[in-house]
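Listed below are the residues making up each chain.
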Amino acid sequence: MIKSLSGTNLFNGFSTENILEAFLAGSNDGFMILGRDFNIISFNEKYKQYHKQYFGCELIQGAPFENFLPQQIISREIAYLEKAVSGENLKFTIKSENPNCQPYWYDLEYHPLKGKSGDILGIGIG
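Reference entry: report on the structure contained in this document. (Residues numbered from 1 in each chain as written. Predicted model: local features only at pLDDT ≥ 70, side-chain atom pairs only at ≥ 80, totals over all residues. Heavy atoms only, no water.)

With respect to the pairing of strand E1 (residues 32-35)
Each regular strand carries side chains that alternate between the two faces of the sheet. Note: E1 against strand E2 (residues 40-43), three bridges, orientation antiparallel. The partner of Ile33 across the bridge, within E2, is Ser42. Joining the antiparallel neighbours E1 and E2 is a turn of four residues, in which Phe38 adopts a positive phi near 70°. (Pairing = 2+ DSSP bridges. Helix = DSSP H or I, 4+ residues; strand = E, 2+ residues; numbered from the N terminus.)

Here it is as structure tokens:
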């Protein structure tokens, strides 16, 4: 619960799930959530667009993330996911090119998603 300095609940009437969904839907950044088994739990529209642009396929909730990656990068991605699910935060700056062959850089991060008791529930990618 998020409270103001006076102690009142700032999100009275909103569930945590509704707040999270609204944040993901309204963000200009792409986010995806994977379970501990690396199956896709959720992603926002921006991440869906990013993945389709770079890998040419549509993500499907509930499916293994590796099913939507090119064969040549699966082992690298699995290694990143294993580090994240063991508690590491990872951040990479990646150089790419836009359709006009202009270079640009973006950050890609992998974070363990922890429950209230500290146990790792899954992985956040964004």
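A closer look at the packing of aromatic side chains
The full count for this structure, using the stated rule, is five aromatic pairs. Taken together, the ring pairs in this structure connect Tyr47, Tyr50 and Tyr54 into an aromatic cluster. (Phe/Tyr/Trp six-rings, centres within 6.5 Å; stacked < 30°, edge-to-face > 60°.)

Here's the deal with the side chain of Asn44
Position of Asn44 relative to the elements: it lies in the loop between E2 and helix H2 (45-55). Among the polar contacts made by the side chain of Asn44, one reaches the main-chain amide nitrogen of Phe31 at a distance of 3.0 Å. Not counting residues within four places of it along the chain, the set of residues in contact with Asn44 comprises Leu24, Ser27, Asp29, Gly30 and Phe31. (Polar contact = N/O pair within 3.5 Å; in protein donor to acceptor, adjacent residues only side chain to side chain. Contact = heavy atoms within 4.5 Å.)

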